[in-house]
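# Report on the structure
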Amino acid sequence: MAYNLLNGKKGIIFGALNNLSIAWKVAERAHDEGAEFILTNTPVALRFGELDELAQKTGSIVIPADATSEKDLETLVKKAMEHFGGKIDFILHSIGMSMNVRKGNPYNELNYNYLMKTLDISAVSFHKVLQVAYKLDAINEWGSVLALSYVAAQRTLYRYNDMADAKALLESIARSFGYIYGRERKIRVNTISQSPTRTTAGSGVKGIDGLMDFTERMSPLGNATSDECADYCVTLFSDLTKKVTMQNLFHDGGFSSMGMSNRAMAMYNRSLECKDCPDQDEDMMKIED
Ligand SMILES: NC(=O)c1ccc[n+]([C@@H]2O[C@H](COP(=O)([O-])OP(=O)(O)OC[C@H]3O[C@@H](n4cnc5c(N)ncnc54)[C@H](O)[C@@H]3O)[C@@H](O)[C@H]2O)c1
């Protein structure tokens with residue numbers, strides 16, 4: 001259902017690669033809500049991805065940009081302002097990549113060149129986007145800038161590796177730049193911390209299926225899907241959330257506030273072969289919905 005929440009709003013969406021991408025869902029949803037936007041990704045992603053299909057569907061144009069390149073970002077933002085004949089209202093940063101994760105390098109054996117790339121692509125690029133847009137005065141008052149994060153910024157999750165450090169930096173950038181943008185321009189900057197989601201980047205984390213099963217059992221509302229994430233992004237781009245800024249907003253069905261749930265405990269107990277542990281509470285063996 002559409003509510004016209006983004007009627008007349010213009011933006012830039014980074015990071016749609018294919019129809020599994022969270023940014024893809026955000027683009028579809030923003031389009032339904034009346035927004036116009038530029039789609040962007042790296043030249044390589046444009047060659048291998050399916051962005052033209054999304055552009056056609058949403059009446060958007062595609063402008064290539066490597067988000068680690070200030071030059072590319074400057075060209076992108078200038079072209080966006082030319083295209084729309086003025087400033088934009090929203091930006092989605094939906095970008096993440098770690099070669100250490102891809103290569104399976106454990107956290108105590110990081111390749112530091114890869115680490116610097118992880119930080120540049122997954123976090124510093126957010127600062128670059130914000131800085132370029134700030135210098136070009138590209139965003140309207142009460143505009144909204146969002147990046148996607150993950151709870152590994154606060155808690156250790158096995159195998160998330162150096163992406164955890166990148167997400168911690170990303171969230172810090174949202175606060176630090178959010179202060180300046182809020183004070184000087186009345187523009188909000190936030191991160192959304194999303195449930196694990198089966199996308200190309202998400203599937204790069206080994207054991208994503210087990211992790212998703214665990215977080216599903218731990219979250220009272222269950223994992224948040226990418227479509228639900230798109231709904232949340234739309235509200236944050238809309239005028240209904242004007243005073244929300246410098247926040248990391250958990251969109252995870254309650255996972256981040258949980259310690260242990262009945263459903264997760266039941267599964268854990270199952271694996272303990274209960275004949276060896278006779279004092280175990282029988283009730284805990286039931287998996288509740
Ligand atoms: N999938 C999950 O479980 C999950 C959970 C929480 C947060 N997130 C975050 O959501 C965001 C989107 O990821 P996704 O899961 O939709 O996966 P995805 O693979 O569809 O998207 C990642 C995007 O980053 C782009 N990218 C990589 N390097 C880039 C660069 N130098 N310049 C510009 N773009 C570049 C890729 O081309 C791709 O489009 C990421 O920040 C990710 O960390 C994902």
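If you're wondering where the values come from, they're calculated on a predicted model, not measured in any experiment. (Residues numbered from 1 in each chain as written. Predicted model: local features only at pLDDT ≥ 70, side-chain atom pairs only at ≥ 80, totals over all residues.)

### Some words on the environment of isoleucine 13
Here isoleucine 13 shows up in strand 1 (residues 10–14). Residue isoleucine 13 is classed as buried on the basis of its 27 C-beta neighbours within 10 Å. Residues isoleucine 13 and valine 151, 138 residues apart in the sequence, show an inter-C-alpha distance of 22 Å. When residues no more than four places from it in sequence are discounted, the contact partners of isoleucine 13 are Ala23, Val26, Ala27, Phe37, Leu39 and Leu92. (Helix = DSSP H or I, 4+ residues; strand = E, 2+ residues; numbered from the N terminus. Buried ≥ 20, exposed ≤ 12 C-beta atoms within 10 Å, placed from the backbone. Contact = placed C-beta atoms within 7 Å.)

### What to know about helix 4 (residues 70–84)
Across its 15 residues, helix 4 extends 21 Å between first and last C-alpha, which sits within 8% of the 21 Å expected from 1.5 Å per residue. Of the residues making up helix 4, those classed as buried are Leu73, Leu76, Val77 and Ala80. The arc that holds every buried residue of helix 4, seen down its axis, measures 90°, which confines them to one face. Residues Lys71 and Glu82 are exposed on helix 4 and point more than 90 degrees away from its buried face. Along its buried surface, helix 4 packs onto strand 1, strand 2 (36–40), strand 4 (88–93) and helix 6 (112–135). At the C-terminal side of helix 4, glycine 85 shows a positive phi close to 65°. (Expected span 1.5 Å × (residues − 1). Arc of directions from axis to C-beta.)

### Brief notes about the site of the ligand
In the neighbourhood of the ligand, 27 residues make up the surrounding shell, with Ser21, Gly96, Thr199, Ala201 and Gly202 lying closest. Sorting the residues of the shell around the ligand by element identifies helix 1 (22–32), strand 5 (139–149) and helix 8 (200–204) as the ones contributing at least two each. It is helix 8 that provides the largest number of residues to the shell around the ligand, a total of three residues. Taken together, the residues that form the shell around the ligand break down as 13 nonpolar, 13 polar and one charged. (Near = placed C-beta within 6 Å. Nonpolar A, V, L, I, M, F, W, Y, C, P; charged D, E, K, R; others polar.)

### Some words on the confidence of the model for the chain
Residues with a pLDDT of 70 or more make up 94% of the chain, whose mean pLDDT is 94. Within the model, the stretch residues 280–289 combines pLDDT values under 50 with 15 contacts to residues more than four positions away or in other chains. (pLDDT = per-residue confidence, 0-100.)

### A word on the sheet that holds strand 6 (residues 188–194)
The strand order 3-2-1-4-5-6-7 describes an open sheet built from seven strands, whose pairing is parallel. Edge strands, defined here as strands with exactly one partner in the open sheet, are strand 3 (61–62) and strand 7 (248–251). Sheet analysis places strand 4 next to strand 5, joined by five bridges and oriented parallel. Its bridge partner being in strand 5, leucine 92 is matched across the sheet by leucine 146. Each of strand 5, strand 6 and strand 7 is contacted by helix 7 (residues 162–185), which is oriented at about 155° to strand 6, the strand it contacts most. (Pairing = 2+ DSSP bridges. Axes fitted to C-alpha atoms, helices over the stretch in contact; angles between N-to-C directions.)

### Examining the pairing of strand 1
Counting buried positions over the five residues of strand 1 gives five, a clear majority of the element. Burial along strand 1 is two-sided: Lys10, Ile12 and Phe14 and Gly11 and Ile13, pointing in opposite directions, are all buried. In the sheet, strand 1 pairs with strand 2 via five bridges, with the strands oriented parallel. Each bridged residue has a counterpart across the sheet, and for phenylalanine 14 the counterpart in strand 2 is threonine 40. One crossover worth recording links strand 1 to the parallel strand 2 by way of helix 1, and it is right-handed. Where strand 1 meets strand 4, three bridges bridge the pair, whose relative direction is parallel. For isoleucine 13, the partnering residue across the bridge sits in strand 4 and is leucine 92. (Right-handed = clockwise from strand over helix to strand, strands pointing away.)

### Examining unusual backbone geometry
Most peptide bonds take the trans form, and the phi angle of most residues other than glycine is negative. Even without glycine at this site, asparagine 4 takes up a positive phi of about 60°. With respect to the element layout, asparagine 4 can be found in the segment before strand 1. Judged by the 10 C-beta atoms lying within 10 Å of it, asparagine 4 is exposed. Despite not being glycine, methionine 246 shows a phi value in the positive range, around 60°. Along the polypeptide, methionine 246 turns up in the loop between helix 10 (226–237) and strand 7. On the neighbour-count criterion, methionine 246 (17 C-beta atoms within 10 Å) is partly exposed.

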